[in-house]
Amino acid sequence: MSSTSFLPSRLKSLSDQALIESTKAAVRTERSATTVVLHHFIEVENRRLYADRHSSLFAWAREELRYSEGAAQRRIDSSRLLRRHPQIEEQIESGQLTLTQLFYARQFFRQEKKHGKPYSLERECEVLTDIEDQSTRETLRYLMERSSAPEKLDPKIGPRPKKNGKTELRLILNEETMNDLHRIKELWSHAIPDGDLTEIIARMAKVTLEKIDPLKKAERAAQRREKRAAQRMANQDVSKKQQDRSLSADQRVAMRKTKQATHSDSSASYKNSAAASVSDVATSATASEPPAAAATSDASTSVLDAVPTPVPSPALAPATAASATANSTAGAGGVPRSLPVTMSTEIFEGIDPVTGERQISLPHLWPSRYISADVKHAVWLRDEGQCTYVDHDGKRCCSRHQLEFEHIIPFALGGENSVDNIRLLCRCHNSHMADRTFGRRLMNQKLRLRRESVL
Ligand SMILES: [Zn+2]
């Protein structure tokens, strides 16, 4: 049985004055409980306790605490202001400052910072004092008069869900953006003759995504790679066929010559002519003539087979191997395609197969954090552009917001920039993993502050 189940009958028995007093006491308790909740939010955020199962404090408040979106956001913004200004606790408890006012105040401070006019702690304090005891409307008017982007504070602007999966969106655009839109309208006038803005925005979204979405970029890169590989295979096939064709032509010439020789010297036996041709071919091979020339001198197929394949002199072998190494690790002009992450103290020397110049690759004494575009593309494709954090229940984080590339074995501990060692994490879970690996960042900050205060 709920502890409030007897309440209605008890309240009915109260006198009017007593009911008013009881209501005031209940509201005081409610506000006091609210500040208690705000302090809890501060501590949960400090310890990042939500990160184990959620991608943000907001998601945690929505899903675990079952606050509405607005209620969750108001509590988060208020708790962050309370952390900066502990003295406002009294005003919150007394009702001089409401969570809605604090929410708008924080939006205002954030917008000003974004516009390059950050408020100092003292000025923030002045604003909070000014809006005490004001209604939400008065507070908004006060903030909008001082704001660099008043439209951003207007609560009426924002997406509103409509029927049939549609959303109403009211926008305030400046002159420059309107001119840009007008130009796009002109350029797309064939495709969208009536210049319908909804259609233009839909098309703009598609075009932009095609250009900036790393998943689509990765798809295109994979397609390009496949196409290049197919092209290479086709080229190899063509050159092989050409080789076969030229070889059979050589063979034809050789056979014709052999026939002519047999006809012209009918007294000489076939064995003798073959022996002579072996010595001819052997001589021409040592003189480094091309095989075609050797074949035309006088040879049959069996004779050609008998010729040993030339072996490069030992002095040439290291240079060939070195040039192959240089070729595999260097791009055009011998510049390494990506810096190796592991430290190397070896000096590579080789001949560029294209330019024939001698190249020396100096040791990489400093490992680089640089992750190549190919690796990034492969990781984006594999992780499907989504955070890969999995909680204790095996649930994967669904965040696609502020994704970062994380080293599974941390870079600082020698982790490589390879596809296997890189994964996508949202910013929240990247910080969470860093906390786990290197200890809480907050602790570090506190230590640093303490150190600075000692200095
Ligand atoms: Zn995540």
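Residues numbered from 1 in each chain as written. Predicted model: local features only at pLDDT ≥ 70, side-chain atom pairs only at ≥ 80, totals over all residues. Heavy atoms only, no water.

The description of an aromatic ring pair rests on the distance of the ring centres and on the angle between the ring planes. In the structure shown here, the tally under the stated rule is 6 aromatic pairs. Ring-pair connections join several aromatic residues into one group, and the members of that group are Phe41, Trp60 and Tyr67. Lying over the aromatic face of tyrosine 142, arginine 146 brings its terminal NZ or CZ to 3.6 Å of the ring centre. Just above the ring of tryptophan 188 sits the side chain of arginine 203; from NZ or CZ to the centre is 4.8 Å. (Phe/Tyr/Trp six-rings, centres within 6.5 Å; stacked < 30°, edge-to-face > 60°. Lys NZ or Arg CZ within 6 Å of the ring centre and 35° of its normal.)

Below, the discussion takes up the coordination of the zinc ion. The coordination sphere of the zinc ion, as far as protein atoms go, consists of Cys387 (SG), Cys397 (SG), Cys426 (SG) and His429 (ND1), spread over 2.1 to 2.4 Å. Of note is the zinc ion, whose 4 donor atoms meet at the metal with angles of 100 to 122 degrees in an arrangement that counts as tetrahedral. Counting along the primary sequence, the residues that act as donors to the zinc ion give the motif C-x9-C-x28-C-x2-H. Here cysteine 397, found in the loop between helix 17 (373-383) and strand 5 (403-407), pairs with histidine 429, found in helix 18 (residues 427-438); they are 32 residues apart in sequence, far enough to count as distant. On the accessibility criterion, cysteine 397 (8% relative accessible area) is buried. (Donors = N, O, S within 2.8 Å, 3.2 Å for Na, K, Ca; no water. Tetrahedral: all angles 85-135°; square planar, octahedral: opposite > 155°, others 65-115°. Helix = DSSP H or I, 4+ residues; strand = E, 2+ residues; numbered from the N terminus. Buried < 20%, exposed > 50% of the residue type's maximum accessible area, 1.4 Å probe, protein only.)

Of all hydrophobic cores here, the largest spans 24 residues; its most connected members are Tyr50, Leu57, Trp60 and Cys387. No other element matches the 4 residues that strand 6 (residues 422-426) contributes to this core. Beyond its immediate sequence surroundings of up to four residues, tryptophan 60 is in contact with Phe41, Val44, Tyr50, His54 and Leu65. (Core = buried A, V, L, I, M, F, W, Y, C linked by side-chain atoms within 4.5 Å. Contact = heavy atoms within 4.5 Å.)

Okay, helix 4 (residues 69-84) next. Counted at 1.5 Å a residue, the expected span for helix 4 with its 16 residues is 22 Å, and the 23 Å between its end C-alpha atoms agrees. Buried within helix 4 are the following residues: Ala71, Ala72, Arg75, Ile76, Asp77, Ser78, Ser79, Leu81 and Leu82. (Expected span 1.5 Å × (residues − 1).)

We now examine the packing of helix 6 (residues 99-114) against helix 8 (residues 136-146). Two elements in contact, helix 6 and helix 8, have axes whose closest approach is 10 Å; the angle formed by their N-to-C orientations is 10 degrees. Looking at the two axes, helix 6 sits roughly parallel to helix 8. Contacts between helix 6 and helix 8 involve Thr100, Gln101, Tyr104, Ala105, Phe108 and Glu112 from the first element and Thr136, Thr139, Leu140, Leu143 and Arg146 from the second. Its residues placed into classes, the contact of helix 6 with helix 8 shows 5 nonpolar, 4 polar and 2 charged. (Axes fitted to C-alpha atoms, helices over the stretch in contact; angles between N-to-C directions. Parallel < 35°, antiparallel > 145°, perpendicular 65-115°, else oblique. Nonpolar A, V, L, I, M, F, W, Y, C, P; charged D, E, K, R; others polar.)

So, about the pattern of salt bridges. As enumerated under the stated definition, the model contains 17 salt bridges in all. The salt bridge partner of aspartate 374 is arginine 225, with a shortest N-O separation of 3.8 Å. Residue aspartate 374 is found in helix 17, and its partner arginine 225 is found in helix 12 (residues 214-264); the two are separated by 149 residues along the sequence. Under the relative-accessibility criterion, arginine 225 is labelled partly exposed at 34%. Between glutamate 406 and arginine 423 there is a salt bridge, with its nearest N and O atoms 2.8 Å apart. One end of the pair, glutamate 406, is in strand 5; the other, arginine 423, is in strand 6, and 17 residues separate them in sequence. In this structure, glutamate 406 and arginine 423 share a single accessibility class: buried. Here the residues in one salt-bridge network are Glu45, Arg80 and Arg83, joined through shared partners. (Salt bridge = Lys/Arg side-chain N within 4 Å of Asp/Glu carboxyl O.)

In this section: the state of the cysteines. Tallied over the full model, the rule gives 0 disulfides. With no disulfide of its own, cysteine 428 lies 5.0 Å from the sulfur of cysteine 426, the closest cysteine sulfur. The buried category is assigned to cysteine 428, whose relative accessible area is 14%. (Disulfide = S-S within 2.5 Å.)

Among the residues making up helix 17, those that are buried are Val375, His377, Val379, Trp380 and Asp383. Positive backbone phi, approximately 55 degrees, marks glutamate 384, located one or two places after helix 17.

As a further point, take the pairing of strand 6. When a strand is regular, its side chains alternate between the sheet's two faces. When you tally the buried positions in strand 6, you get 5 out of 5 residues, the bulk of the element. Of the two faces of strand 6, the one carrying Ile422, Leu424 and Cys426 and the one carrying Arg423 and Leu425 are both buried. Sheet analysis places strand 5 next to strand 6, joined by 5 bridges and oriented antiparallel. Its bridge partner being in strand 6, glutamate 406 is matched across the sheet by arginine 423. (Pairing = 2+ DSSP bridges.)

What follows concerns a nonpolar patch on the surface. A cluster of nonpolar side chains, contributed by Leu169, Leu171, Leu173, Met178, Leu197 and Ile201, occupies part of the molecular surface with about 530 Å² of accessible area. Along the polypeptide, methionine 178 turns up in helix 10 (residues 175-187). (Patch = residues over 30% accessible without salt bridge, like charges linked within 9 Å, V, L, I, M, F, W, Y side chains within 5 Å. Areas by Shrake-Rupley, 256 points an atom, 1.4 Å probe, with all protein chains shown as cover.)

In short, shape yes, function no, at least from these values alone.
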